[in-house]
Amino acid sequence: MSIKQLKDAELASMLKSSIQLKSLDGVEAPWLNLSDEDMQWWKDAKLGLFFHWGLYSIPGRGEWAMFNESIPADEYAKLADQFNPQQWNPERMASLAKEAGMQYSVMVTRHHDGFALWDSPGSYGGFNSIRTAAKRDFVKEYTDAFREAGLKVGLYYSPMDWRFPGYFNPKELTENASLMKKQGYDQIEELTTRYGKIDILWYDGGWLAHTGTDADAAWFWEPIRLNEMVRRNQPKCVINPRSGWLGDFQCDEGPHDVTGNILPIAWEKCFSIPYHWSYDKQERVMPLDQIIKIMIDCFVRGGNVLLNIAPHPDGRIPENQVEHLKHIGAFMKKNGEAIYGTSAGPLQPVDHVYGMTCKGNHYYLHVQDMLAFENMILPPLEQKIIRCELLDGSVIPFVQNENGISVQIPKEKWEPLDTVVKMVAE
């Protein structure tokens with residue numbers, strides 16, 4: 001189902017949902033959208049790695065520190081003299097992403113502070129990692145390493161830039177705002193022409209003066225013109241909606257619970273293993289069970305998960321984040337058959353109790369709360385089920401009739417987060 005159809009249906013499927021899609025008011029340009037066939041790899045991949053890392057990692061107070069603490073641009077720029085990450089190892093990060101069961105990745109190449117992590121001629125004032133202390137092109141190192149590891153590579157880019165007064169007053173300071181816009185176009189051109197095949201372009205910060213929405217600022221950024229340029233350079237790149245154009249998929253951001261019905265569109269939830277998007281000196285992380293619960297809730301509602309980590313300023317990934325990634329990898333390895341390459345349904349989820357995914361004639365019941373589920377009867381399925389088994393091959397008894405389906409899972413087979421029953425249909 002297209003975003004337009006969803007809008008015309010007044011978001012009927014979301015009326016009882018906690019999923020918060022950010023950019024449904026974006027500009028429509030159907031000729032820019034990828035075909036279902038070109039989107040299929042992304043829908044099948046399910047899980048990706050996100051990482052926020054840059055100058056803001058040094059103070060360790062969040063990626064918005066420059067703005068939140070009113071740090072003058074010239075003062076903030078001095079952090080570039082300290083950014084020389086000797087422990088940055090994109091090959092190891094790619095290996096960890098694969099171990100975590102991730103199939104794609106998105107690197108924050110430039111956040112709202114304006115510092116570009118690549119050799120960027122278009123960077124205003126040469127504010128990039130080649131012309132400062134590091135003297136390295138981190139985007140090239142990332143794309144080379146992750147592509148070599150067999151992961152799809154994505155790039156996050158923020159067109160806004162706090163260094164420009166014109167960002168805050170674009171109609172009054174038109175010349176300064178135009179410089180920021182030119183930087184944005186130049187840098188998107190660089191990112192989509194100099195690093196081989198880019199699988200995902202992930203915009204953020206398309207609004208102006210921290211007010212309104214991305215679509216409200218479309219008059220300024222001209223997202224159709226911008227993304228027509230992207231399509232010329234990267235015809236098959238999957239593009240998110242935060243440039244002011246509707247994009248190829250929708251975004252839900254943050255660690256809030258996911259409840260409600262299956263969404264009949266391409267969508268992705270992004271949230272962070274640590275409590276901040278970028279490095280926090282206290283190195284606090286979300287409980288692992290909470291992370292995996294959110295992941296399951298997304299998968300059974302048709303969503304992907306883009307899971308963020310926050311490397312140390314020197315490039316290391318804090319050990320508690322590494323441990324979380326390894327545990328997530330173990331979960332995905334055990335349950336991957338019921339996740340990768342599946343669609344949501346056919347039965348609607350019951351919040352916090354169960355949901356379903358399917359692939360061919362296999363229907364996967366994900367039971368999240370066995371005590372609540374134990375005596376439930378599932379609604380009727382059109383398909384005739386001929387066998388029920390767990391993912392370890394254990395056959396389990398079931399009854400299917402006009403009232404629905406009941407399955408009996410031995411208590412010794414109950415899992416704390418996701419007990420998966422594979423139903424095989426004729």
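Coordinates for the structure precede this section.
No experiment lies behind these values; they were computed from the predicted model shown.

Undergrad: Would you take a moment to explain the sheet that holds strand β3 (residues 152–157) for this structure?
TA: What holds strands together in a sheet is hydrogen bonding between their backbones, with the strands either parallel or antiparallel. With respect to topology, 8 strands assemble into an open sheet ordered β5-β4-β3-β2-β1-β8-β7-β6, the strand pairing being parallel. Of all the strands in the sheet, just β5 (238–239) and β6 (250–253) have a single pairing partner and so form its edges. Strands β2 (104–110), β3 and β4 (200–203) of the sheet are contacted by helix α8 (residues 174–191), whose axis makes an angle of about 170° with β3. Lying over the sheet, helix α10 (residues 223–233) contacts β4 and β5, oriented at roughly 160° with respect to β4.

Undergrad: Help me understand unusual backbone geometry, please; the structure alone is not making it clear to me.
TA: Outside of glycine, negative phi angles account for most residues, and trans bonds account for most peptide bonds. Omega for the peptide link from G345 to P346 comes to 15°, which places this bond in the cis form. Residue placement: P346 occurs in the loop between β9 (343–344) and β10 (354–359). Although it is not a glycine, K46 sits at a positive phi angle of roughly 70°. When you line up the elements, K46 lands in the loop between α2 (36–45) and β1 (47–51).

Undergrad: Which parts of the structure should I look at to understand the packing of aromatic side chains?
TA: For any pair of aromatic rings, geometry is given as the distance between the ring centres together with the angle between the planes. Per the counting criterion, the structure on display carries 27 aromatic pairs. Between W53 and F83 the ring centres are 5.1 Å apart and the planes differ by 55°, which places this aromatic pair in the tilted class. With W53 in the loop between β1 and α3 (65–68) and F83 in the loop between α4 (73–76) and α5 (90–99), this pair connects stretches of sequence that are 30 residues apart. No difference in accessibility class separates W53 from F83, as the two residues are buried. For the pair W118 and Y157, a centre-to-centre distance of 6.5 Å together with 65° between the ring planes defines the contact as edge-to-face. Of this pair, W118 sits in the loop between β2 and α6 (138–148) while Y157 sits in strand β3; the two residues are 39 residues apart in sequence, bridging distant segments of the chain. Of the two residues, W118 and Y157, both sit in the buried class. Site record: aromatic cluster; members linked through ring pairs are F51, W53, F83, W88, F115, F127, F138, Y142 and F146. When the ring centre of W219 is taken as origin, the NZ or CZ atom of K171, which lies over that ring, is 5.2 Å away. Its guanidinium or amino end placed over the ring of F220, K181 lies 5.6 Å from that ring's centre, counting from NZ or CZ.

Undergrad: Is there a simple way to explain the sheet that holds β9 in this structure?
TA: Here 5 strands make up an open sheet; going across it, the order is β9-β10-β11-β15-β12 and the pairing antiparallel. Whereas interior strands pair on both sides, the edge strands pair on one side only; in this sheet they are β9 and β12 (385–390). Two strands pair when backbone bridges link them, and β9 and β10 are joined in this way by 2 bridges, in the antiparallel orientation. Residue S343 lies in a different strand from β10, and its bridge partner there is C358.

Undergrad: Mind showing me how you'd approach α6 here?
TA: Taken together, the buried positions of α6 are F138, V139, Y142, T143, A145 and F146. On the buried face of α6, the contacting elements are β1, α5, β2, β3 and α8. The opening residue of α6 is D137, an N-cap whose side-chain oxygen sits 3.2 Å from the backbone nitrogen of V139. Downstream of α6 by one or two residues, G150 has phi in the positive range, about 90°.

Undergrad: Just to check I follow, could you spell out the packing of helix α11 (residues 288–299) against helix α12 (residues 319–335) for this structure?
TA: Helices that pack against each other are described as a pair by the angle of their axes relative to one another and the distance between those axes. Packing of α11 against α12 brings their axes to within 11 Å, and their N-to-C directions diverge by 40°. Between α11 and α12, the interaxial angle falls into the category oblique. When you trace α11 past α12, the crossing you get is right-handed. Contacts from L288, I291, I292, M295, I296 and F299 of α11 reach α12 at H324, H327, I328, F331 and M332. When grouped by side-chain class, the residues that make up the contact of α11 with α12 number 9 nonpolar, 2 polar and no charged.

About the criteria used
- Residues numbered from 1 in each chain as written.
- Predicted model: local features only at pLDDT ≥ 70, side-chain atom pairs only at ≥ 80, totals over all residues.
- Heavy atoms only, no water.
- Pairing = 2+ DSSP bridges.
- Helix = DSSP H or I, 4+ residues; strand = E, 2+ residues; numbered from the N terminus.
- Contact = heavy atoms within 4.5 Å.
- Axes fitted to C-alpha atoms, helices over the stretch in contact; angles between N-to-C directions.
- Phe/Tyr/Trp six-rings, centres within 6.5 Å; stacked < 30°, edge-to-face > 60°.
- Buried < 20%, exposed > 50% of the residue type's maximum accessible area, 1.4 Å probe, protein only.
- Lys NZ or Arg CZ within 6 Å of the ring centre and 35° of its normal.
- Polar contact = N/O pair within 3.5 Å; in protein donor to acceptor, adjacent residues only side chain to side chain.
- Parallel < 35°, antiparallel > 145°, perpendicular 65-115°, else oblique.
- Left-handed = near helix turned anticlockwise from the far one by under 90°.
- Nonpolar A, V, L, I, M, F, W, Y, C, P; charged D, E, K, R; others polar.

None of this, on its own, says anything about what the molecule does.
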